[in-house]
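This is what each chain is made of:
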Amino acid sequence: EDQVTQSPEALRLQEGESSSLNCSYTVSGLRGLFWYRQDPGKGPEFLFTLYSAGEEKEKERLKATLTKKESFLHITAPKPEDSATYLCAVWRTGNQFYFGTGTSLTVIP
Amino acid sequence: EAGVTQFPSHSVIEKGQTVTLRCDPISGHDNLYWYRRVMGKEIKFLLHFVKESKQDESGMPNNRFLAERTGGTYSTLKVQPAELEDSGVYFCASSHLSGREKLFFGSGTQLSVL
């Protein structure tokens, strides 16, 4: 059965304290893996797409990596404005997207 | 460029009533998706339109849910009659035909069925 699992569910960091979020998946026919950011009361906002194992993408303090079984979202020296829920989703054959339940990140000044 | 807009942002109805949610995709986006997030669970796929045609409706829970996309522009999702378990946040997303995997989401409609 296709499954996407994110960990941890919640993460509290001090400003400047780097960390990583995990997204593990079991999906047949993977076409891509996505990371989204979601702020309260808003819809998910696209961050990255990764298409193959070994691929990496960076944007400001965020860096996403992909292996055959999982993806990491590394946050370097986070700031309070990075506080949000981070969602990963896998895109598989048949044009279907499967989301994880997200990691709620709080960055404390 | 205007984003995906959804209306209403919140809806509170009683069990057995009817509710219609509306989604206006980004202009020029032929793909339109409906998703739902029930509290504590992941966002789940409901259905996918390409222009005015339903491409995939395998995620629709049951026949109380009816989605339409008039003329390939805006879409509506009607729930009739609503049940308690229909409560959740309903998201709409759209994308281009090319680069269809990059979804742009609306802010969602929070539906509460009492």
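This text follows the structure it describes.
Residues numbered from 1 in each chain as written. Chains lettered and ligands numbered in written order. Predicted model: local features only at pLDDT ≥ 70, side-chain atom pairs only at ≥ 80, totals over all residues. Heavy atoms only, no water.

**Considering the sheet that holds strand S3 (residues 19-26) of chain A**
Residues and elements named next belong to chain A.
Part 1: Across the sheet, which stays open at both edges, the 5 strands sit in the order S1-S3-S8-S7-S6 with antiparallel pairing between neighbours. With partners counted over all chains shown, the strands left at the sheet margins are strand S1 (3-7) and strand S6 (56-59), one partner each. When strand polarity is set aside, the average angle formed by the axes of neighbouring strands in this sheet is 15°.
Part 2: Judged from the 5 bridges that link them, strand S7 (residues 62-66) and strand S8 (residues 70-75) form a sheet pairing that is antiparallel. Each residue of the ladder has a partner; that of Ala64, found in S8, is Leu73. (Pairing = 2+ DSSP bridges. Helix = DSSP H or I, 4+ residues; strand = E, 2+ residues; numbered from the N terminus. Axes fitted to C-alpha atoms, helices over the stretch in contact; angles between N-to-C directions.)

**What to know about the interface of chain A and chain B**
Part 1: Contact with chain A, which involves 19 residues of that partner, is made by 19 residues of chain B.
Part 2: A combined buried area of about 1,600 Å² lies between chain A and chain B, and 54% of that area is made up of carbon and sulfur atoms.
Part 3: Broken down residue by residue, the surface that chain A buries against chain B is led by A:Asn95, A:Phe97 and A:Phe99, which jointly contribute 32%.
Part 4: Across the chain A-chain B interface, the total number found is 0 salt bridges.
Part 5: At the boundary of chain A and chain B, one finds 2 residue pairs in polar contact (both at pLDDT 80 or more). (Contact = heavy atoms within 4.5 Å. Buried area = accessible area lost by both parts, 1.4 Å probe. Salt bridge = Lys/Arg side-chain N within 4 Å of Asp/Glu carboxyl O. Polar contact = N/O pair within 3.5 Å; in protein donor to acceptor, adjacent residues only side chain to side chain.)

**Structural notes on the environment of A:Gly54**
Residues and elements named next belong to chain A.
Part 1: As for its placement among the helices and strands, Gly54 is situated in the loop between strand S5 (45-50) and S6.
Part 2: Overall, Gly54 belongs to the exposed group, its relative accessible area being 61%.
Part 3: Residues Gly54 and Thr65, spaced 11 residues apart in sequence, show a C-alpha to C-alpha distance of 6.9 Å. (Buried < 20%, exposed > 50% of the residue type's maximum accessible area, 1.4 Å probe, protein only.)

**Examining the packing of aromatic side chains**
Part 1: According to the stated counting rule, one finds 16 aromatic pairs over all chains in the structure shown.
Part 2: Each residue in the set A:Phe34, A:Tyr36, A:Phe46, A:Trp91, A:Phe97, A:Phe99, B:Tyr33, B:Tyr35, B:Phe45, B:Phe91 and B:Phe105 is aromatic and connected to the rest through ring pairs, giving one cluster.
Part 3: Seen from the ring of B:Tyr74, B:Arg22 lies directly overhead, with NZ or CZ sitting 3.8 Å from the centre. (Phe/Tyr/Trp six-rings, centres within 6.5 Å; stacked < 30°, edge-to-face > 60°. Lys NZ or Arg CZ within 6 Å of the ring centre and 35° of its normal.)

**Quick notes on the pairing of strand S2 (residues 10-14) of chain A**
A regular strand carries its side chains on alternate faces of the sheet.
All names here are of chain A.
Part 1: Burial along S2 is one-sided: Leu11 and Leu13 are buried, while Ala10, Arg12 and Gln14, pointing the other way, are not.
Part 2: Pairing of S2 with strand S11 (residues 103-108), which is carried by 5 bridges, proceeds in the parallel orientation. Bridging across to S11, Ala10 finds its partner in Ser104.

**Concerning the state of the cysteines**
All names here are of chain A.
Part 1: By the definition in use, this model includes 2 disulfides over all chains.
Part 2: The disulfide partner of Cys23 is Cys88, and the S-S distance across this bridge is 1.9 Å. Looking down the S-S bond of the Cys23 and Cys88 bridge, the torsion is 60°, so its handedness is right-handed. Linking Cys23 in strand S3 with Cys88 in strand S9 (residues 84-92), this pair joins segments that are 65 residues apart in sequence. Of the two residues examined, Cys23 and Cys88, each falls in the buried class. (Disulfide = S-S within 2.5 Å.)

**With respect to the layout of surface pockets**
Part 1: Taken as a whole, the largest pocket spans an internal volume of roughly 590 Å³.
Part 2: The wall of the largest pocket is formed by 23 residues, among which A:Tyr98, A:Phe99, B:Glu42, B:Ile43 and B:Lys44 lie closest to the centre.
Part 3: Those elements giving two or more residues to the lining of the largest pocket turn out to be S1 and strand S10 (96-99) of chain A together with strand S5 (43-50) of chain B.
Part 4: In terms of residue class, the lining of the largest pocket is made up of 9 nonpolar, 8 polar and 6 charged.
Part 5: Its volume calculated, the second largest pocket comes out at about 420 Å³.
Part 6: Lining the second largest pocket are 22 residues, and of these A:Gln38, B:Arg37, B:Val89, B:Phe91 and B:Gln110 lie nearest its centre. (1 Å grid on protein atoms, 1.4 Å probe; cavity = no way out; pocket = protein on both sides within 12 Å on 5 of 7 lines; lining within 4 Å. Points joined across faces, edges and corners; volume = space filled by probe spheres on them. Nonpolar A, V, L, I, M, F, W, Y, C, P; charged D, E, K, R; others polar.)

So far we have only geometry, and geometry alone does not tell us how the molecule works.
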